[in-house]
Amino acid sequence: MKTLVVFYSRSGTTKRVALDVAKALNADIDEVIDKKSRKGILGFLRAGYDATRGKTTEIEFEKDPSDYDLVIIGTPVWNGRVTPAIRTYLLRNRERIKRAAFFSTCAGRPGKCLGQMEEILGQEPLLKKVLVRKRLDEGTEELVNELKTLMGSTP
Ligand SMILES: Cc1cc2nc3c(=O)[nH]c(=O)nc-3n(C[C@H](O)[C@H](O)[C@H](O)COP(=O)(O)O)c2cc1C
């Protein structure tokens, strides 16, 4: 099964999970870049505001998800919501994603982020997984194992 891991990460946590998952599954990887600065206190405040308001943003990415059987998409949780970068990615690639799996990383309050992703994609993902920062390694291991099981039983 040709697999792509797509992620957005502001401070490296989601990136770490994405890299580990891609390695374990022998998948390609694509980082979504948010062209809007999310650095510093102002960037932080704007990030929460934009996520809460359901804003899109200007993004860059490289791979075409339609080349893959499965696209695993990871995002941090911002104010209980999906990040503008991943919202934009999903909106732009809705027609190009055959099958999806989602994960989020957060400090412990996952909110409605994964539900929003499902709504935006308009398709039920194979998996929705929340990873809490303080149990990141265990969460990553669980995620990999659950994905392997699903991939083994999906035609
Ligand atoms: C603007 C902003 C809002 C956040 N809101 C939440 C939240 O609602 N719930 C939560 O558990 N963590 C929240 N966090 C923490 C991040 O989700 C968490 O640290 C995540 O793992 C960061 O991923 P990253 O390092 O890939 O950017 C927030 C972080 C930021 C920057």
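Above this text is the structure in question.
Residues numbered from 1 in each chain as written. Predicted model: local features only at pLDDT ≥ 70, side-chain atom pairs only at ≥ 80, totals over all residues. Heavy atoms only, no water.

(A) Representation of the sheet that holds strand β6 (residues 100-106) in the model. The strand order across the open sheet formed by five strands is β2-β1-β5-β6-β7, and the pairing between neighbours is parallel. Two strands lie at the open edges of the sheet, namely β2 (28-31) and β7 (128-132), each paired on one side alone. With strand direction ignored, the average angle separating the axes of adjacent strands in the sheet is 20 degrees. Judged from the four bridges that link them, strand β1 (residues 3-7) and β2 form a sheet pairing that is parallel. Among the inter-strand pairings, Val 6 is bridged to a residue of β2, identified as Asp 30. (Pairing = 2+ DSSP bridges. Helix = DSSP H or I, 4+ residues; strand = E, 2+ residues; numbered from the N terminus. Axes fitted to C-alpha atoms, helices over the stretch in contact; angles between N-to-C directions.)

(B) Focus on the site of the ligand. Around the ligand, a shell composed of 20 residues is seen, among which Ser 9, Ser 11, Thr 14, Thr 105 and Arg 133 lie nearest. Thr 13 is positioned with one of its backbone polar atoms (N or O) 2.8 Å from an oxygen atom of the ligand. Under a 2 Å grid-point criterion requiring more than half of the atoms, the pocket assigned to the ligand is the largest pocket. If you list the elements that add at least two residues to the shell around the ligand, you get α1 (13-25), α2 (40-52) and β6. Class assignment of the residues belonging to the shell around the ligand gives a composition of seven nonpolar, 10 polar and three charged. (Near = heavy atom within 4 Å. Polar contact = N/O pair within 3.5 Å; in protein donor to acceptor, adjacent residues only side chain to side chain. 1 Å grid on protein atoms, 1.4 Å probe; cavity = no way out; pocket = protein on both sides within 12 Å on 5 of 7 lines; lining within 4 Å. Sits in = over half its atoms within 2 Å of the grid points. Nonpolar A, V, L, I, M, F, W, Y, C, P; charged D, E, K, R; others polar.)

(C) Quick look at the pairing of strand β5 (residues 70-76). Burial analysis of β5 places seven of its seven residues in the buried class, the great majority of the element. Residues Leu 70, Ile 72, Gly 74 and Pro 76 of β5 are buried on one face, and the alternating residues Val 71, Ile 73 and Thr 75, pointing to the opposite face, are buried as well. Relative to β6, β5 runs parallel, the two being bridged by six bridges. Across the sheet, residue Thr 75 finds its bridge partner in β6, namely Ser 104. The β-α-β motif built from β5, the intervening helix α3 (residues 84-93) and the parallel element β6 has right-handed crossover chirality. (Buried < 20%, exposed > 50% of the residue type's maximum accessible area, 1.4 Å probe, protein only. Right-handed = clockwise from strand over helix to strand, strands pointing away.)

(D) Broad picture of the packing of α1 against helix α5 (residues 136-153). Running from N to C, α1 and α5 cross one another at 40 degrees; their axes reach a closest spacing of 10 Å. Put simply, α1 runs oblique to α5. Crossing hand, α1 versus α5: right-handed. Taking contact as the criterion, the partners of Thr 13, Arg 16, Val 17, Asp 20, Val 21, Ala 24 and Leu 25 in α1 are, on α5, Leu 136, Asp 137, Thr 140, Leu 143, Val 144, Leu 147, Lys 148 and Met 151. (Parallel < 35°, antiparallel > 145°, perpendicular 65-115°, else oblique. Left-handed = near helix turned anticlockwise from the far one by under 90°. Contact = heavy atoms within 4.5 Å.)

(E) Inspection of the packing of aromatic side chains at higher detail. Across all of its chains, the model carries two aromatic pairs by this definition. Consider the rings of Tyr 8 and Trp 78, whose centres lie 5.7 Å apart with planes at 90 degrees: the pair is edge-to-face. Pair noted here: Tyr 8 is in the loop between β1 and α1 and Trp 78 is in the loop between β5 and α3, with a separation of 70 residues, a long-range link. For Tyr 8, a relative accessible area of 5% corresponds to the buried category. The interplanar angle of 75 degrees and the centroid separation of 4.9 Å between the aromatic rings of Phe 61 and Tyr 89 together place this pair among those described as edge-to-face. Taken together, the residues Phe 61 in the loop between β4 (59-60) and β5 and Tyr 89 in helix α3 connect sequence positions 28 residues apart. The residue whose ring lies beneath Lys 2 is Tyr 68, and the NZ or CZ to ring-centre distance is 4.6 Å. (Phe/Tyr/Trp six-rings, centres within 6.5 Å; stacked < 30°, edge-to-face > 60°. Lys NZ or Arg CZ within 6 Å of the ring centre and 35° of its normal.)

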